[in-house]
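# Topology and contacts: notes
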Amino acid sequence: MTTFLIYLVLILGIVALVQLIRVSEISNFLNGEDGIMVTDKETNNIRYMFVAFFAAFIGFYGWLVWRFWDILLPAAASEHGKAIDTLMNLNIALITIVFVALHIVLSYFLFRYAKTKNEKATFNTHSNKLELIWTITPAVFLAGIIIFGISAWNDAMRNVPEDAINIELYARQFDWTARYAGKDNVLGKANFRMINGTNALGIINEKSINDRLSAYNEKIAELEESRKSVFPGGTNDQEILEEITLQKKHRAYIEQLQAQNNVESYSVADDDILAKVEFHIPINKPINFQIRSQDVIHSAYMPHFRAQMNAVPGMMTQFYFTPTMTTEQMRAKLGNPDFNYILLCNKICGAAHYNMQMNIVVESEEDYNKWLSEQPKFFTAEK
Ligand SMILES: [Cu+2]
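Residues numbered from 1 in each chain as written. Predicted model: local features only at pLDDT ≥ 70, side-chain atom pairs only at ≥ 80, totals over all residues.

### Regarding the overall build of the chain
Check the secondary structure of the chain and you find nine helices and ten strands. Against the compact-globule benchmark of 21 Å for 383 residues, the chain has a radius of gyration of 34 Å, which places it well outside the compact range. Seen along its three principal axes, the alpha-carbon backbone of the chain occupies a region of about 105 × 60 × 45 Å. Counting over 383 residues, the chain shows a buried share of 17%. Taking the intrachain contacts of the chain between residues at least 6 apart in sequence as the baseline, contacts between residues at least 24 apart amount to 69%. (Helix = DSSP H or I, 4+ residues; strand = E, 2+ residues; numbered from the N terminus. Rg over C-alpha atoms; globule rule 2.2 N^0.38 Å. Buried ≥ 20, exposed ≤ 12 C-beta atoms within 10 Å, placed from the backbone. Contact = placed C-beta atoms within 7 Å.)

Encoded structure:
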């Protein structure tokens, strides 16, 4: 109702304004004045006002850049990030040059060629030369930026070094889990059919497979048992039989997984480590992030390292980078003792999306190894 009233007031306001203008036009007409005609004096005022407006506009842009430049991200804290920063700065510089030049020319033309009573405009219909200039110039600049962009991207996406540390970033509504591969640097296999309350990532090893199978066996035995208390062949019995078929189907999937694995492929998961609140990475070491999602599309965004990659359910994506500044160094550089690197979800994925984040600690390799050795292994940890 309030919205309706606001709209009504607005519409009536516009109607009143139109009527007022009409009244003033009619009164001018009755007084013998031509209200539509703009005088030279008015034109002159308007052109000065235009110049002042454009000067203020460009000044405001300059002020924005000056005032807010330092709340943008600090210099990149990863190796490939430097190229991305250069690309970004180059883009901003080009945009600024074009923006300022264009407005200077625009205000000059408005000023110089404002209509006066004695001046007649020239009428240009077409100029091939001009068309060529304003097509080719932006095309050359855009092609340059695109080539630079593609090469920076290819550099960032180049082959992952052999010695990269493998870390999985697992996304779900609404949190992140970082999984470390342990001593062998090989992440254990995972499958969505293995996901349950105690194994949110669906990691496969001998224990988790066996736990899963025995849970299904128990459930099936329970259902068989409950059949004894219902009328054989009756509606209730039918329902239980259907449930048993379903449970057996689920069990068959897990048995399939079991058949695909052996002692060796099980054991790579045995030393996997999960981190929930924050995760640590060592400086100057390539880190290979393997990114998965449990439910919807999320996006692993680590702005200070200029890294972002979608987390897509049903597939694994990957991003690798080498951090070049520890958390402590960045804190000192920014003069902010509370600074933390952060992993954010950068894809609006639901109600608590805003809170889907995790701190990243970059430290010396020594500290990193120490931290990692203190973390409990997922499968042997007390739960
Ligand atoms: Cu998300």
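### Focus: the sheet that holds strand β8 (residues 317–321)
Whenever strands of a sheet pair, they do so through backbone hydrogen bonds, lying parallel or antiparallel. The strand order across the open sheet formed by five strands is β3-β2-β1-β5-β8, and the pairing between neighbours is mixed. Edge positions in the sheet fall to β3 (273–275) and β8, since each has one partner strand and no second. If you compare each strand with its neighbour and ignore which way they point, the axes differ by 25 degrees on average. Across five bridges, strand β5 (residues 287–293) lies against β8 in antiparallel orientation. Across the sheet, Ile287 pairs through a bridge with Phe321, a residue of β8. (Pairing = 2+ DSSP bridges. Axes fitted to C-alpha atoms, helices over the stretch in contact; angles between N-to-C directions.)

### Looking at the packing of helix α2 (residues 40–68) against helix α3 (residues 81–112)
Geometrically, a packed helix pair is captured by the angle between its two axes and the distance between the axes. At a minimum axis separation of 9 Å, α2 and α3 run at an interaxial angle of 170 degrees. Relative to α3, the element α2 is oriented roughly antiparallel. In this structure, α2 contributes Arg47, Phe50, Val51, Phe54, Phe57 and Ile58 to the contact, and α3 contributes Val100, His103, Leu106, Ser107, Leu110 and Phe111. (Parallel < 35°, antiparallel > 145°, perpendicular 65-115°, else oblique.)

### Observations regarding the sheet that holds strand β6 (residues 298–302)
Here we have five strands laid out as an open sheet, ordered β4-β10-β9-β6-β7, and mixed in their pairing. Here the strands that pair on one side only, and so sit at the sheet edges, are β4 (278–282) and β7 (307–311). Put simply, the sheet's adjacent strands are angled 25 degrees from each other on average, direction ignored. Looking at chain direction, β6 and β7 are connected through five bridges and run antiparallel. Note that in β7 the partner of His298 across the bridge is Ala311.

### Considerations on the environment of Phe339
With respect to the helices and strands, the residue Phe339 is situated in the loop between α8 (327–334) and β9 (341–345). Since 16 C-beta atoms lie within 10 Å of it, Phe339 is described here as partly exposed. Taking the C-alpha atoms as reference points, Phe339 and Ala152, separated by 187 residues in sequence, lie 28 Å from one another. Not counting chain neighbours up to four residues away, the residues in contact with Phe339 comprise Met330, Arg331 and Leu334.

### Some points on the pairing of strand β2 (residues 175–180)
Pairing of strand β1 (residues 165–172) with β2 involves six bridges; the strand directions are antiparallel. Note that in β2 the partner of Glu168 across the bridge is Arg179. Direction of pairing for β2 relative to β3: antiparallel, over a ladder of three bridges. The partner of Ala178 across the bridge, within β3, is Ala275.

### Here's the deal with the domain arrangement of the chain
The domain boundaries assigned to the chain delineate domain 1 (1–37), domain 2 (38–156), domain 3 (163–181 + 273–383) and domain 4 (190–271). Distance from the C-alpha centre of domain 2 to the C-alpha centre of domain 3: 39 Å. The interface of domain 2 with domain 3 comprises nine residues on the first partner and 13 residues on the second. Residues of the side of domain 2 that touches domain 3, tallied by class, amount to five nonpolar, three polar and one charged. (Domains from an automatic or database assignment. Nonpolar A, V, L, I, M, F, W, Y, C, P; charged D, E, K, R; others polar.)

### Points about the packing of α3 against helix α4 (residues 128–156)
Between α3 and α4, the least distance of the axes is 10 Å, while the angle of their chain directions is 165 degrees. One way to sum up the angle between α3 and α4 is to call them roughly antiparallel. Relative to α4, the crossing made by α3 is left-handed. Residues Ala83, Ile84, Leu87, Asn91 and Leu94 of α3 form the contact with α4, whose own contacting residues are Phe141, Ile145, Phe148, Gly149, Ala152 and Asp155. Classifying every residue of the contact of α3 with α4 by side-chain character gives eight nonpolar, two polar and one charged. (Left-handed = near helix turned anticlockwise from the far one by under 90°.)

### Remarks on the nonpolar core
Counting 41 residues, the largest nonpolar core has Leu169, Trp176, Phe289 and Ala300 as its most contacted members. The leading source of residues in this core is β1, at four residues. Each of domain 3 (163–181 + 273–383) and domain 4 (190–271) gives at least three residues to this core. Beyond its immediate sequence surroundings of up to four residues, Trp176 is in contact with Leu169, Tyr170, Ala171, Leu343, Met356 and Met358. (Core = buried A, V, L, I, M, F, W, Y, C linked by C-beta atoms within 7 Å.)

### Brief notes about the environment of Gly13
Take Gly13: it is sitting in helix α1 (residues 2–30). By the C-beta count within 10 Å, which is 10 here, Gly13 ends up exposed.

### Thoughts on the environment of Glu162
As for its placement among the helices and strands, Glu162 is situated in the loop between α4 and β1. As a C-alpha pair, Glu162 and Cys349 span 187 residues in sequence and 34 Å in three-dimensional space.

### What about the pairing of β6?
In terms of residue burial, β6 counts as a mostly covered element, since four of its five residues are buried. Hairpin connection, β6 to β7: the antiparallel pair is bridged by four residues, and Arg306 has positive phi, about 55 degrees. Taken together, the two bridges between β6 and β9 define a ladder with antiparallel strand orientation. Following the sheet pairing, Ala300 is matched in β9 by Cys345.

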